[in-house]
Each structure stands twice: as structure tokens, then as C-alpha cells.
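Structural features, examined
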Amino acid sequence: MKSKYLGILGLLLILIILIGGCDGNTTDETAEQEKEVTLNLFIAQPRFREQYEEYLDRFVEKYQAEKNIKVNYDMEMPSADTASQILKTRLTTGEDLDVLMIHAINEKAQYYKAGYLEDLSDQPWVDDLYDSAKTAVTYDGKVLALPLESLTWGILYNKELFEELGIEPAMTLSEMEGNIQVIKNAGKTPFLASYNEAWIPQLFLPLTTGAFANTTHPDFIERMYDNEGSYSELSEMFNIIDLVHANSNSDGLEIGGSDGSAEFAGGEYGMWVQGPWFSATILEANPDFKFGVSPLPVSNNEEQTMINASVSSSLAVSSFSKNKEVAKDLVAFFLDPEASADFFSKVQFNPISDIHEFETYPWIKEAIEYVEEGKSYIDPSIPQAVKDESGKMLQAYYSKISTKEEVISALDQSWQTFNEVNQ
């Protein structure tokens, strides 16, 4: 009998060991599965796809070596014209997103209030940011994104042509009129219009609004958010818009950003209302082309002629991400002390952190000189929906389909609608 009980006990022990072994295998298999994640990325800079993919591959390799986690990524890169609307749709419909690119000035507050952004204040890279860059991505005392593209911009000008003609960038409307005449006399076209993509004519809005809101209309932005202002107060902005349109090519609606870069690099145009974010594309078309950055004058008051200083494209982590820690590590890699300087240099972004010591480009230095002289303002906080509307309306205005009054009315209505939705 005793041997019988011992036999049964032995069988039970064997079963327990087998079951335990099965559980152990299951745990091991689960652990193996947990070592592979896929991140969904939304980065609206398709012109830098190659640079992003190269840098992300470096992260994947490093992460697997250091943490034994294989990271796959699916990167969506819409154009600037459609990015804002696509992102809103992705977020409101609950589609999986881990890392998303936002405009620090225009979108951080809206997306944070909606509950879409993870608080990144405790991330190690925060302390290394320049104060201006940190301020740009901070809302309600929280750092909500890692700044990537810090901008000092106004208009681009053909430096070699200006030197050849003996002219300097204009600081007033009158000086601009003089430069235009000199350029026309030389058989060149003063301005390049490239309005096929609506975000390009939209650039007039922050440039003119920023100039007036930081001088003669200091409470304009605040009153617009309170439904107490109107763009009719800034109707002078059409002085420079009309001057540019009257002295630019007539086929602007057929030319976009990339085509415009090639056109400008050809040397037949004097100026382009555009930022230096197309510098790589311009130099790809013509490596010997020399261009500079200067402010856009909006009046004959030189104090209103200033450079727009801003942080735009920034990387945030979705509060709904299922892989938050990996997503945060990926974002942090864009300020990796050993690797990030190479990325920033290749895409020609400005340094935004103490860890960046790479040499900046001549056009960046030129724009920063205005900043150091106190001739700059922080990019005005205009809702992205208003900017989008301005692009469409200024396309129509360029084509003489819409009037100034209709442009102003559309801007006011768009801002009021934004206020109603986001109160």
C-alpha cells in the first residue's frame, strides 16, 4: 500500500513539474514577444524622409543592442498642406499613434487640452534645451514635446544677384520698391511666387501679423482669441502682399515648394517669401547658389521690420500610446549627445540644445544677427486652422478671385470658429 501511495505521489510530482515547465515556457514565449514592438510615427516632413529613416534605423540598432528590444516603425509623412487635418483625424478617431510631430507654437495647447499629449517634463534631455526652445514647447508648466526645427526666417534673397546689383535687403517698403526696380532693370523677376501648396502663401500671415502685433497692435492676438478683434485692423498687411504679387511670376499656382527651390536656385529671381527650411533642396538643385535671409518689411516704419523667431516642428508622444516608454526613448534619441548633431546638421536645423556644437550655416548666422540686435519677435500664436484658411484665401487673392475684404472676413470667421470649438 505504501509503495502504491509513493507511486501516486511520484506521478503527482511529475505532473507538477511538467505543468510548471509548460508555464515557464509560456512565460518565456511571452517575454520573447514583448521584446518586439512597432511604433506608429506621424512626421510631416516628407522632404527629409531619407534623413529620418537613416536616423531611425540607428535608433533601432542601438536599442536592440542595449535593451534587447526590436523596434519596428511605420512612418507616415504627409505634406504640410494636409498634415494638420490628417493628424486631427488620427487623434479624434483613436487610431494608434506613438510619436507625432506638432507645431510647437500653434498646436501644443490645443492638443494638450484635448488630452492627446504625454507630459515629457521628466525626460533627461529637457535640462539641456536652450531656454527659448524649452519655452516654445512648454504649456501649463509642462514640457510637451522635443523641439526639432528652430527657425529664424523672413524672406530668402539671391545674395549673388544683390551683390552684383549693389543693393542690400530692404528695411522699409520704400526701400523694397527701390530694390524691385533695380532687379527689374537687370532683366530679373523681383519675387518668386510658388503658391501651388497653400501653406506657402500662408507664410504672409505670421510675417505680417507678427510685425504689427509686436509694435503697433500689441494686444491683437489676445483680442482675437476673445472675439474682440478683426484682421481689418491689420489691413496694411496687403501693402507688402500687393507689392510682392505685382512683381512676381504669373504662374505661381503651378509651382510648389520643391519646384520653387529649383526655380530660385536658377538665379532668375531676386527674392522668395520663404524660410530657410528649403535650404537643402535649393542647394541640391544648385550647390553653388548663394542666398541670404532677411526680414520682410511691412511698412515704412523700420521698427516693424523684424525676423520671425520660432520653434515649429516638434516631436510629442501620444498619451494613448501603447508603447510609451519606447516612444519616449525614441524621442529622446533626437537629442542623443553622440548622434543628434549629425542629424541636425544633415537636415540643416538650428542648434536647440547645449549638446549641439556643430557649425551653423551662413544664412542662419545672418538671420541670428537680427535676433541679436533685438530685431525679432516670437512667432505669433495663430490657430493652425486660421493659417490654413489664409493659404487658401491668398491663393484666391493672387488669382484675383477673392478681394481683400473677403480674405479678411474669412480669417475672422475662421478664428471665431476655432474659438467656439476650443472654448
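Everything below is about the structure printed above this text.
Calculation notes
- Each chain carries its own residue numbering, running from 1 in the written order of its sequence.
- Totals for whole chains, interfaces and linings use all residues, but because this is a predicted model, local features are given only for residues with pLDDT of at least 70 and pairs of side-chain atoms are given and counted only at 80 or more.
- With hydrogens and water excluded, all non-hydrogen atoms of the structure serve as input to the side-chain values.
- Only protein chains enter the accessibility calculation, which uses a 1.4 Å probe. A residue is then buried if its area is under 20% of the maximum for its type, exposed if over 50%, and partly exposed in between.
- Only runs of H or I of at least four residues qualify as helices and only runs of E of at least two qualify as strands under DSSP, and these elements are numbered from the N terminus.
- Strand pairing requires that DSSP identify at least two bridges connecting the strands.
- Two residues form a contact once any of their heavy atoms are found within 4.5 Å.
- To get an axis, fit a line to the C-alpha atoms, keeping to the stretch in contact for a helix; angles then go from 0 to 180 degrees between the N-to-C directions.
- Using a 1 Å grid laid over the protein atoms alone, points where a 1.4 Å probe fits but cannot get out form a cavity; open sets with protein on both sides within 12 Å along at least 5 of 7 lines form a pocket; any residue with an atom within 4 Å of a point counts as lining.
- Grid points are joined across faces, edges and corners, and a volume is the space filled by probe spheres set on the points.
- As a working rule, the residues Ala, Val, Leu, Ile, Met, Phe, Trp, Tyr, Cys and Pro are called nonpolar, Asp, Glu, Lys and Arg charged, and the rest polar, with Gly in that last group.

This part is about the pairing of strand 12 (residues 307-311). With five of five residues buried, strand 12 lies mostly within the body of the structure. Covered by surrounding structure in strand 12 are Ile307, Ala309 and Val311 together with Asn308 and Ser310, the residues of both alternating faces. Across four bridges, strand 7 (residues 150-153) lies against strand 12 in antiparallel orientation. Bridging from a neighbouring strand, Leu151 pairs with Ser310 of strand 12.

Further remarks concern the side chain of Lys387. Residue placement: Lys387 occurs in helix 16 (residues 384-398). Once residues within four sequence positions are removed from consideration, Lys387 is found in contact with His103, Asn106, Gln202, Leu205, Pro206, Asp379 and Ile382.

The next point concerns the sheet that holds strand 7. Strands sit in the order 7-12-14 across an open sheet of three strands; the sheet is mixed. Across the chains shown, the open sheet's two edge strands, defined by having one partner strand only, are strand 7 and strand 14 (376-378). Strand-to-strand twist across the sheet, computed as the mean angle between neighbouring axes with direction ignored, equals 20°. Across three bridges, the pairing between strand 12 and strand 14 is parallel. The residue bridging Asn308 from the neighbouring strand is Tyr377, located in strand 14. The strands touched by helix 8 (residues 204-213) within the sheet are strand 7, strand 12 and strand 14, with strand 14 carrying the most contacts at an inclination of about 105°.

Turning next to the layout of surface pockets. If you add up the space inside the largest pocket, you get close to 1000 Å³. In terms of residue count, the dominant contributor to the lining of the largest pocket is helix 3 (residues 80-92) (eight residues). Looking at the lining of the largest pocket, its residues break down into 17 nonpolar, 14 polar and 12 charged. Looking at the second largest pocket, its volume works out to about 560 Å³. For the second largest pocket, the lining is made up of 23 residues, of which Asn106, Ala109, Gln110, Phe418 and Asn422 are closest to its centre. Going through the elements one at a time, helix 3, helix 4 (104-113) and helix 17 (404-422) are the ones with two or more residues in the lining of the second largest pocket.

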